[in-house]
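Okay, here's what each chain looks like letter by letter:
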Amino acid sequence: MKIIVAKNYEEMSARAFEVMAEVVKTNPQAVLGLATGSTPLGLYRNMIEDHKKNGTSYKQIKTVNLDEYAGLDENSDQSYVYFMRKNLFDSLDIDRKNTNIEDGTASDRKAECARYNALLHELQQDIQVLGIGSNGHIAFNEPGTPFGSETHVVDLTESTIKDNSRLFKNIDEVPRQAFTMGLKNIMNAKKILILANGENKAQAVYGLVKGEVTENVPASVLQLHPDCTLVCDEAAARLIL
Ligand code: GLP
């Protein structure tokens, strides 16, 4: 794993953008695996700024997102489909038809997982952006998820519900289930770019980089990926330096 330790969030975002820019500029038809959460927002701001200043085009780019809350749709400002539009897609020249995410409102959840999984088999990610949960989850693959997992519906853990409740009016509004790519779908990406910032991610980053490769720490599977770059700030790197 390649590790880049940045001084702060801004520098982390700029370094992450360098990795992303290389993919987008060398392959205008690339498939980008994208993530939600606070962590990649700075990366997305850099992508938008570059698009506006330098005209980097996303017209032929395709995207696949990691996960979506079960029950939320694009009209909910807490849904990940809404997040992606607001924080990235609306400010790029990307074709909405080329952006993909699980349908949180699907009534047949099994069928929706099968549909999305088939799509992932067609659209191998040239790069997959990831954040990391404080318990070591990636996407919504909680501790104990098999490394061989593909798209599925998960019951969120109490710690994830608590972490993510900061973005909802109150904790009762946080959905208890979500659709997520599985760990095998993530590992299928040609390149992984995982970001982490802040002291509350230090333990998870330790597990990602130096801990035992175990299903108890989903992110640890990335130690087995041939092209994985971690970009983190000094606070998140505290236990690996
Ligand atoms: C959520 C998402 C993950 C994300 C994690 C960390 O649970 N499903 O994809 O990595 O939160 O979020 P944040 O970047 O806000 O710390």
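A brief look at the structure comes next. (Residues numbered from 1 in each chain as written. Predicted model: local features only at pLDDT ≥ 70, side-chain atom pairs only at ≥ 80, totals over all residues. Heavy atoms only, no water.)

For the rest of this paragraph, the subject is helix α3 (residues 80-87). Those residues of α3 that sit buried are Y80, V81, F83 and M84. Down the axis of α3, the smallest arc covering the buried residues is 160°, so these residues share one side. Those residues of α3 that are buried are in contact with β2 (31-34), α2 (41-54), β3 (62-65), β4 (67-69) and α5 (158-164). The distance from a side-chain oxygen at the start of α3 to the backbone nitrogen of Y82 is 3.2 Å, and the residue carrying that oxygen is S79. (Buried < 20%, exposed > 50% of the residue type's maximum accessible area, 1.4 Å probe, protein only. Helix = DSSP H or I, 4+ residues; strand = E, 2+ residues; numbered from the N terminus. Arc of directions from axis to C-beta. Contact = heavy atoms within 4.5 Å. Polar contact = N/O pair within 3.5 Å; in protein donor to acceptor, adjacent residues only side chain to side chain.)

Relative to the assigned elements, N100 resides in strand β5 (residues 99-100). Judged by its relative accessible area of 15%, N100 falls in the buried class. Residues N100 and L123, 23 residues apart in the sequence, show an inter-C-alpha distance of 10 Å. Ignoring any residue separated from it by four or fewer positions in sequence, one finds N100 in contact with T63, V64, N65, Y116, L119 and L123.

So, about the nonpolar core. Side chains of nonpolar character tend, in soluble globular proteins, to be buried together. Ranked by size, the top nonpolar core spans 63 residues in total, and within it L32, L43, Y44 and L222 carry the most contacts. No other element matches helix α1 (residues 9-26), which puts 9 residues into this core. Those residues within four positions of Y44 in sequence are excluded, and the remaining contacts are L34, A35, F83, M84, N87, L88 and V129. Core analysis: the next-biggest nonpolar cluster, separate from the first, contains 12 residues, Y69, F140, L156 and A178 among them. (Core = buried A, V, L, I, M, F, W, Y, C linked by side-chain atoms within 4.5 Å.)

Moving on: the site of the ligand. Taken together, 13 residues sit near the ligand, with S38, T39, D67, R166 and K201 positioned nearest. A139 is positioned such that a nitrogen or oxygen atom in its backbone is 3.3 Å from a nitrogen atom of the ligand. Contact distances for the ligand include 2.8 Å between an oxygen atom and a side-chain N or O atom of R166. Relative to its free-state accessible area of 390 Å², the ligand is covered by the protein chains to the extent of 94%. Broken down by class, the residue content of the shell around the ligand amounts to 4 nonpolar, 6 polar and 3 charged. (Near = heavy atom within 4 Å. Areas by Shrake-Rupley, 256 points an atom, 1.4 Å probe, with all protein chains shown as cover. Nonpolar A, V, L, I, M, F, W, Y, C, P; charged D, E, K, R; others polar.)

By the criterion of burial, strand β10 (residues 228-233) is predominantly enclosed, with 6 of the 6 residues buried. Note that strand β1 (residues 2-6) and β10 share 5 bridges and pair parallel. Opposite V5, over in β10, you have C232 as the bridge partner. Across 5 bridges, the pairing between strand β9 (residues 192-196) and β10 is parallel. (Pairing = 2+ DSSP bridges.)

Turning our attention to the sheet that holds strand β6 (residues 127-130). Across the sheet, which stays open at both edges, the 7 strands sit in the order β1-β10-β9-β6-β2-β3-β5 with parallel pairing between neighbours. The sheet terminates laterally at β1 and β5, the two strands that pair on one side only. Where β3 and β5 come together, 2 bridges link them in parallel fashion. Each residue of the ladder has a partner; that of T63, found in β5, is T99. Against the sheet, helix α7 (residues 202-209) touches β1, β9 and β10, its axis set at about 155° to β10. (Axes fitted to C-alpha atoms, helices over the stretch in contact; angles between N-to-C directions.)

The next point concerns the pattern of salt bridges. Within the structure shown, the criterion is met by 10 salt bridges. K191 is paired through a salt bridge with D227; the nearest N and O atoms lie 3.2 Å apart. Remark: D227 occurs in the loop between α7 and β10 and K191 occurs in the loop between α6 (183-187) and β9; sequence separation between them is 36 residues. For R238, the salt bridge is made with E199, and the minimal N-O distance between the two is 2.9 Å. Of this pair, R238 sits in the segment after β10 while E199 sits in the loop between β9 and α7; the two residues are 39 residues apart in sequence, bridging distant segments of the chain. Using a relative accessible area of 47% as the deciding quantity, one classes R238 as partly exposed. (Salt bridge = Lys/Arg side-chain N within 4 Å of Asp/Glu carboxyl O.)

No statement about biological role is implied by the geometric values presented.
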